[in-house]
Amino acid sequence: MSFNLDQIRGLFPVLHQEVHGKPLIYFDNAATTQKPKAVLKALQEYYEKDNSNIHRGAHALADRATRYYEETREAVRDFIGAREAAEIIFTKGTTESINLVAQTFGRKFIGKGDEIIISTMEHHSNIVPWQMLCEEKGAILKVIPINEAGEILWKEFEKLLTPNTKLVSIVHASNALGTINPVKEVIEAAHALGAKVLLDGAQSTSHLDIDVLDLNCDFLAFSAHKLYGPTGLGVLYGKREVLEEMPPFLGGGEMIKEVTFEKTTYNEIPFKFEAGTPNIADVIAFKAALDFVQSLTKTKIRAHEDALLAHANELMSGIKGFIPVGTASEKVSVLSFNINGMHPFDVGQMLDAKGIAVRTGHHCTQPLMKRFGIEGTVRASFAVYNTKSEIEKLAEGVAQIARLKNK
Amino acid sequence: MSTIKEVQDEIVSEFEILGDDKESTIFYIMELGGNLKPFPESERKEENIIKGCQSKVWLIADEKEGKVQFQADSNTDITKGLISLLIRVLDNRRPDEIIHADLNFIQKIGMGSIIGSQRSNGLAAMIKQMKLYALAFQTKQNA
């Protein structure tokens with residue numbers, strides 16, 4: 001598919017509506033992206049034609065559902081460049097993927113006095129699971145500091161790395177600032193000391209080309225719904241040799257090889273980590289989302305989003321009272337800001353009255369907000385279907401709102 | 001002095017002039033925040049905070065000649081406007097009037113859809129706290 005913006009917008013029914021009497025401008029893409037028609041169609045068709053429980057069914061519908069489900073696993077493998085589909089585990093979302101690693105890898109391999117490193121810009125979902133683990137095991141959580149632009153301080157990171165470091169769990173692209181972290185270098189440095197690395201890819205997978213073999217990360221966690229796919233579905237990629245060493249997460253059906261009342265033996269990966277009936281319909285529909293992204297290519301998507309971000313930066317930087325938050329040199333299309341003298345919640349509600357959907361608050365990154373000495377920000381985040389004229393309307397709106405307190 | 005019902009009717013008719021335009025309604029609510037009396041800095045403390053999801057509200061109450069006097073502030077302008085409406089309706093009234101006040105103006109002006117669910121929950125918390133203050137003063141008067 002060529003990059004034709006009108007055609008792309010035509011694929012997203014939800015964009016074509018008015019809110020408060022104004023055409024909707026959807027800039028809350030870092031929270032969740034909208035879904036193309038192909039995803040909606042796949043969901044409906046699954047329930048209309050194929051609905052059945054997967055694996056072990058002795059009938060045609062179960063066969064079809066199983067085949068489509070496993071086809072998505074293969075599509076995810078291809079999407080992130082993993083070696084084999086068995087390294088792809090379906091979860092509820094990024095949060096569950098991270099918790100899975102904490103509760104299995106973490107509980108088995110991280111003990112008293114061991115160290116886990118995260119960064120200042122982590123989402124709460126990449127902080128709390130490690131705090132819980134550290135509390136249980138007597139392990140130590142260390143945090144990489146950042147500069148004013150919102151970039152990690154490399155020298156400080158190197159100082160934190162020690163032979164006791166068992167895991168570095170770091171966000172690939174920050175949800176609150178947009179910063180793209182130098183994860184390849186982080187992984188290399190961590191591996192040099194024998195530590196494993198988990199990448200939180202919730203915000204990166206829709207914007208950046210991902211090649212887990214080239215990155216050499218041990219784990220990658222991401223969500224389908226931030227990637228034009230359905231809600232309630234996520235992925236955990238792990239290297240086979242690491243996944244095989246990990247104990248199961250949830251116990252139940254599907255994850256077992258044999259159960260007796262004396263002892264249970266566990267299934268192979270990935271099934272060992274997919275207890276119970278999975279989210280079959282959403283997994284199947286997710287393939288349509290991946291196909292949509294692949295057909296456009298991330299290179300073209302990113303070029304478009306970068307142009308939107310550059311346009312926004314240019315228009316907004318001239319507004320009196322505009323305070324950008326997060327000015328890293330490498331960013332995905334996230335524009336976080338405040339307006340001098342105004343609360344982000346008020347700004348967000350005033351933009352909503354203009355039909356512009358943004359997110360306000362701490363973006364589940366309270367320690368990061370504290371680092372900047374602010375309560376929160378207004379966050380406009382752009383996706384493939386956004387347009388330059390929408391950016392111009394945002395800038396006009398922000399300028400008008402900013403004038404209330406910045407004359 | 002107008003009754004609670006009369007003040008509420010006034011507010012409803014003021015909002016009717018604004019019609020369905022959400023933007024001007026929000027700007028109007030923000031302007032109303034300017035009517036609040038300056039809040040005493042010494043009272044800006046944790047125990048006087050009513051916590052909403054994203055905005056903070058400080059509320060204190062006093063009693064003068066059997067009537068309840070409210071003072072409040074917020075860190076967001078829209079919330080300030082909402083408090084100023086509540087104070088306009090409930091300030092300087094007897095505790096029993098406040099306790100039994102049916103604040104139907106909120107529904108009549110469609111406040112829920114103007115301010116959204118987060119702030120609506122905050123607004124409900126403010127009303128509850130104002131009524132609790134009134135109840136406390138009533139108990140004291142009857143003691």
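Residues numbered from 1 in each chain as written. Chains lettered and ligands numbered in written order. Predicted model: local features only at pLDDT ≥ 70, side-chain atom pairs only at ≥ 80, totals over all residues. Heavy atoms only, no water.

1. Structural notes on the overall build of chain A
Then, in step 1: A tally of helices and strands in chain A yields 14 helices and 17 strands.
Then, in step 2: For 407 residues, the compact-globule estimate of 2.2 N^0.38 gives 22 Å, and the C-alpha radius of gyration of chain A, at 22 Å, lies within 12% of that figure.
Then, in step 3: When the backbone C-alpha atoms are referred to their principal axes, chain A occupies close to 75 × 55 × 35 Å.
Then, in step 4: Residue burial in chain A is summarised as follows: out of 407 residues, 57% are buried.
Then, in step 5: Taking the contacts inside chain A whose residues are at least 6 apart along the sequence as the reference set, 71% of them involve residues at least 24 apart. (Helix = DSSP H or I, 4+ residues; strand = E, 2+ residues; numbered from the N terminus. Rg over C-alpha atoms; globule rule 2.2 N^0.38 Å. Buried < 20%, exposed > 50% of the residue type's maximum accessible area, 1.4 Å probe, protein only. Contact = heavy atoms within 4.5 Å.)

2. Describing the interface of chain A and chain B
Then, in step 1: At the junction of the two partners, chain A supplies 18 residues and chain B supplies 16 residues.
Then, in step 2: Interface area, chain A with chain B, both sides summed: about 1,500 Å², of which 52% is carbon and sulfur.
Then, in step 3: Contact with chain B buries area across many residues of chain A, yet Phe345(A), Asp346(A) and Gln349(A) alone supply 38% of it, more than any other trio.
Then, in step 4: Linking chain A with chain B are five salt bridges, by the criterion used here.
Then, in step 5: We note a salt bridge from Asp346(A) to Arg119(B), for which the minimum N-O separation is 2.9 Å.
Then, in step 6: Linking chain A with chain B are 12 residue pairs in polar contact (both at pLDDT 80 or more).
Then, in step 7: Sorting the residues of the side of chain A that touches chain B by element identifies helix H12 (344–353) and strand S16 (359–361) of chain A as the ones contributing at least two each.
Then, in step 8: Here the side of chain A that touches chain B takes six residues from H12(A), the largest share from any one element.
Then, in step 9: Of the residues assigned to the side of chain A that touches chain B, the class counts are five nonpolar, seven polar and six charged. (Buried area = accessible area lost by both parts, 1.4 Å probe. Salt bridge = Lys/Arg side-chain N within 4 Å of Asp/Glu carboxyl O. Polar contact = N/O pair within 3.5 Å; in protein donor to acceptor, adjacent residues only side chain to side chain. Nonpolar A, V, L, I, M, F, W, Y, C, P; charged D, E, K, R; others polar.)

3. A short note on helix H5 (residues 128–137) of chain A
Residue and element names in this part refer to chain A.
Then, in step 1: Three or more residues of H5 are buried, namely Pro-129, Trp-130, Leu-133 and Cys-134. Relative to the axis of H5, the buried residues are bounded by an arc of 135° and lie together on one face.
Then, in step 2: Of the surrounding secondary structure, the elements contacted by the buried residues of H5 are helix H4 (94–109), strand S5 (115–119), strand S6 (140–144), strand S7 (165–171) and strand S8 (196–200).
Then, in step 3: At the C-terminal side of H5, Gly-138 shows a positive phi close to 75°. (Arc of directions from axis to C-beta.)

4. A few points about the packing of aromatic side chains
Residue and element names in this part refer to chain A.
Then, in step 1: All told, the structure shown has 13 aromatic pairs over all chains when counted by the stated rule.
Then, in step 2: A ring pair is formed by Tyr-46 and Tyr-47, whose centres lie 5.1 Å apart and whose planes are at 65°; its orientation type is edge-to-face.
Then, in step 3: Relative accessible area serves as the criterion here: at 2%, Tyr-46 is assigned to the buried category.
Then, in step 4: Overall, Tyr-47 belongs to the exposed group, its relative accessible area being 53%.
Then, in step 5: Among the aromatic residues, those joined into a ring-pair cluster are Phe-12, Tyr-228, Phe-292 and Tyr-385. (Phe/Tyr/Trp six-rings, centres within 6.5 Å; stacked < 30°, edge-to-face > 60°.)

5. Some thoughts on the domain arrangement of chain A
All names here are of chain A.
Then, in step 1: Partitioning chain A into domains gives domain 1 (5–31 + 297–403) and domain 2 (40–294).
Then, in step 2: For domain 1 and domain 2, the distance between their C-alpha centres works out to 28 Å.
Then, in step 3: The partner domain 2 presents 35 residues to the 38 residues of domain 1 that form the contact.
Then, in step 4: When the two sides are added together, the surface that domain 1 and domain 2 hide from each other amounts to roughly 2,900 Å², 58% of it contributed by carbon and sulfur.
Then, in step 5: The tally of links between domain 1 and domain 2 comes to one salt bridge. (Domains from an automatic or database assignment.)

6. Notes on the pairing of strand S10 (residues 234–238) of chain A
Residues and elements named next belong to chain A.
Then, in step 1: For S10, a buried count of five out of five residues is recorded, marking the element as mostly surrounded by other parts of the structure.
Then, in step 2: By the alternation rule, side chains of S10 split into Gly-234, Leu-236 and Gly-238 and Val-235 and Tyr-237, which are all buried.
Then, in step 3: In terms of strand pairing, strand S4 (residues 88–91) meets S10 through four bridges, oriented antiparallel. Note that in S10 the partner of Ile-89 across the bridge is Leu-236.
Then, in step 4: Bridge count for strand S9 (residues 219–223) against S10 is five bridges, and the pairing is antiparallel. Within the sheet, the bridge partner assigned to Phe-219 lies in S10 and is Gly-238. (Pairing = 2+ DSSP bridges.)

7. Quick look at the environment of Leu394(A)
Then, in step 1: Mapped onto the secondary structure, Leu394(A) falls in helix H14 (residues 388–403).
Then, in step 2: In this structure the C-alpha to C-alpha distance between Leu394(A) and Lys239(A), which are 155 residues apart in sequence, comes to 43 Å.

8. Focus on the packing of helix H2 (residues 37–50) of chain A against helix H10 (residues 280–296) of chain A
Residues and elements named next belong to chain A.
Then, in step 1: Where H2 meets H10, the axes come as close as 8 Å, and the angle between the chain directions of the two elements is 145°. For H2 against H10, the interelement crossing comes out right-handed. Contacts between H2 and H10 involve Ala-38, Val-39, Ala-42, Leu-43, Tyr-46 and Tyr-47 from the first element and Ile-280, Ala-281, Asp-282, Ile-284, Ala-285, Ala-288 and Ala-289 from the second.
Then, in step 2: Counted by class, the contact of H2 with H10 contains 12 nonpolar, no polar and one charged residues. (Axes fitted to C-alpha atoms, helices over the stretch in contact; angles between N-to-C directions. Left-handed = near helix turned anticlockwise from the far one by under 90°.)

9. Side note on the side chain of Thr66(A)
All names here are of chain A.
Then, in step 1: Structurally, Thr-66 can be placed in helix H3 (residues 60–80).
Then, in step 2: When its relative accessible area of 16% is taken as the criterion, Thr-66 is described as buried.
Then, in step 3: When near neighbours in sequence (up to four residues on either side) are disregarded, Thr-66 contacts Ile-54 and His-55.

10. Some words on helix H2 (residues 22–32) of chain B
Then, in step 1: When you tally the buried positions in H2(B), you get eight out of 11 residues, the bulk of the element.
Then, in step 2: Every buried residue belonging to H2(B) is among Lys22(B), Glu23(B), Thr25(B), Ile26(B), Phe27(B), Ile29(B), Met30(B) and Leu32(B), and all of these are buried.
Then, in step 3: Here the buried face of H2(B) lies against strand S2 (22–23), H12 and H14 of chain A together with helix H1 (4–18), helix H3 (77–90) and helix H6 (111–142) of chain B.
Then, in step 4: The N-cap of H2(B), judged by a side-chain oxygen 3.1 Å from the amide nitrogen of Glu23(B) a few residues on, is Asp21(B).

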